[in-house]
Amino acid sequence: MPPKNHIVIVEDSPAIGFLLKNYLEKLGYHQIHTCDTGAVAMATISDLISQKQAPIVLLDYMLPDMDAHSLLTQILEKQPDIRVILETATEKSDEGIKDLIRLGVCHYIEKPIRFENLKSVLVTIEKENSFFTNDSETLTDSKPNNDASLSIEEKIERALIMVKQASVSKIEDMVDKNDSTVQKHLEKLENDGKIITIDEIKEITCNSCNSTDTEQRFFCPSCKSSNFKLGKLIEHYDCGNISDENSYEKDLCPNCKKEIKALGVDHRVMQNHYICNDCNEFHADLSMEYVCLKCDNKFPLEKCKWKTSKIYKVVNM
């Protein structure tokens, strides 16, 4: 049996996150990542993608730092075929929910979550993954591995079958063809009822080679290390010490050894700070840059280029 996917839980309620994690572990999922904000979720998902993992994302509709539409757009920019399960108490008929489904949410679960519904959705995703894995192996066995043997039209169709949903820009990168040929064949496939247009997207492109095959990389602003963790800091008012909550063993300040007693009186807790494991510095926000996976160019957000194109979804291929 193939290993189960990583699962990223994006949920700002610690109680719901804990219950979901426990239930998923009972279903045999052991690579589970819980995130309480969209920023943490995006950093986690980007890291998994860089490790060639394709996580299943449980996405809460309401997040404290960004809306679900914004996060979903960023996720699909990174990897269009990621399976995102939306969890919300909002009716499925709501226009905001419909918009997310059109954008790329693959399943919808109502809150309060019934675990049997979640299990059913995950079983469906596992079956789909198994089907596409087998289908991919069949394609590999029946056709030469050398892409040069395929026509540009065959490359486009194979790319669509692999990802099921992608922008024109992403498809151009996948088939290494950046001219009208790609758009013309996509329009033909749409006229034939094999794909549909579901949205239009503005994507970041490399400022050197114009590729959309980029990824975000996060790092410590002080030492540039990517070896960081998200944690809580405690500031002890008496001595001014600020350090990771784990350094306060038995509620004793690691600096002056006094016991902290009353929150807000002799100490405060600073939530959601990034703590560097290399230099031990802490920051409310990480530094970030984009890396082009095609030419290895590195650039900040303010120096990127943008490209707008349609998103197509496979419906009958």
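As recorded in an unreviewed UniProt entry, the chain goes by the name Response regulator receiver domain protein, listed as coming from Nitrosopumilus adriaticus.

Moving on, we come to the overall build of the chain. Check the secondary structure of the chain and you find eight helices and 15 strands. Counting only C-alpha atoms, the chain reaches 75 × 50 × 40 Å along its principal axes. A buried classification covers 39% of the 317 residues belonging to the chain. In the chain, the proportion of contacts linking residues at least 24 apart, taken out of those at least 6 apart, comes to 70%. Working note: accessible area of the chain is about 17,100 Å², and carbon and sulfur atoms make up 48% of it. Side chains of the chain give 39 positive and 52 negative charges; the mean places of these two sets differ by 2 Å.

Right, let's get into the pairing of strand β5 (residues 107-110). Bridge count for strand β4 (residues 83-88) against β5 is four bridges, and the pairing is parallel. Note that in β5 the partner of glutamate 87 across the bridge is isoleucine 109. Crossover connection from β4 via helix α4 (residues 95-103) to parallel β5: handedness right-handed.

What follows is about the environment of threonine 37. For threonine 37, the location among the structural elements is in the loop between β2 (32-35) and α2 (38-50). Look at threonine 37 and you get buried, because its relative accessible area is 12%. Threonine 37 sits 33 residues away from serine 70 along the chain, and the two C-alpha atoms are 12 Å apart. Contact partners of threonine 37, with chain neighbours within four places excluded, come to Val10, Pro64, Asp65 and Asn272.

Two numbers describe a pair of aromatic rings. These are the distance of the centres and the angle of the planes. Within the structure shown, the criterion is met by three aromatic pairs. A centroid spacing of 6.0 Å and a plane angle of 90 degrees characterise the contact between phenylalanine 228 and tyrosine 274, whose relative ring orientation is edge-to-face. Here phenylalanine 228, found in strand β9 (residues 228-236), pairs with tyrosine 274, found in strand β11 (residues 267-276); they are 46 residues apart in sequence, far enough to count as distant. Overall, the relative accessible area of 11% leaves tyrosine 274 in the buried class.

Taking strand neighbours across the sheet as the criterion, the three strands line up as β6-β15-β7 in an open arrangement whose pairing is antiparallel. Every interior strand has two partners, whereas the edge strands, β6 (165-167) and β7 (195-205), have only one. Each strand axis lies, on average, 25 degrees off the axis of its neighbour in the sheet, ignoring direction. Taken together, the 10 bridges between β7 and strand β15 (residues 305-314) define a ladder with antiparallel strand orientation. The partner of aspartate 199 across the bridge, within β15, is isoleucine 311.

What follows is about the confidence of the model for the chain. Overall, the predicted model of the chain reaches an average pLDDT of 86, with 93% of residues at or above 70. Looking across the chain, the model is least confident in helix α5 (residues 115-142), with a mean pLDDT of 67, and most confident in strand β1 (residues 7-10), with 95. Low confidence marks residues 135-146, where pLDDT is under 50. Its contacts with residues over four positions away, or in another chain, come to five contacts.

By size, the foremost hydrophobic cluster in this structure holds 34 residues, and its most contacted members are Val57, Leu59 and Leu71. At the level of secondary structure, the elements contributing two or more residues to this core comprise β1, α2, β3 (56-60), α3 (68-78), β4, α4 and β7. Membership of the second largest hydrophobic core comes to 15 residues, among which are Ile56, Leu58, Leu122 and Ile125.

With domains assigned, the chain is organised as domain 1 (7-132), domain 2 (152-212 + 295-314) and domain 3 (221-285). Relative to domain 2, the C-alpha centre of domain 1 lies at a distance of 24 Å. Listed as interface residues are 11 residues of domain 1 and, on the opposing side, 13 residues of domain 2. When domain 1 packs against domain 2, close to 970 Å² is buried across both sides, 52% of that on carbon and sulfur atoms. Here domain 1 and domain 2 share zero salt bridges between them. Across the domain 1-domain 2 interface, the total number found is two residue pairs in polar contact (both at pLDDT 80 or more). Listing elements by their share of the side of domain 1 that touches domain 2, those giving two or more residues are α3, α4 and α5. For the side of domain 1 that touches domain 2, the element with the highest residue contribution is α3, accounting for three residues.

Rules used in this analysis
Residues numbered from 1 in each chain as written. Predicted model: local features only at pLDDT ≥ 70, side-chain atom pairs only at ≥ 80, totals over all residues. Heavy atoms only, no water. Helix = DSSP H or I, 4+ residues; strand = E, 2+ residues; numbered from the N terminus. Buried < 20%, exposed > 50% of the residue type's maximum accessible area, 1.4 Å probe, protein only. Contact = heavy atoms within 4.5 Å. Areas by Shrake-Rupley, 256 points an atom, 1.4 Å probe, with all protein chains shown as cover. Lys, Arg positive; Asp, Glu negative; His and termini not counted. Charge placed at Lys NZ, Arg CZ, Asp CG, Glu CD. Pairing = 2+ DSSP bridges. Right-handed = clockwise from strand over helix to strand, strands pointing away. Phe/Tyr/Trp six-rings, centres within 6.5 Å; stacked < 30°, edge-to-face > 60°. Axes fitted to C-alpha atoms, helices over the stretch in contact; angles between N-to-C directions. pLDDT = per-residue confidence, 0-100. Core = buried A, V, L, I, M, F, W, Y, C linked by side-chain atoms within 4.5 Å. Domains from an automatic or database assignment. Buried area = accessible area lost by both parts, 1.4 Å probe. Salt bridge = Lys/Arg side-chain N within 4 Å of Asp/Glu carboxyl O. Polar contact = N/O pair within 3.5 Å; in protein donor to acceptor, adjacent residues only side chain to side chain.

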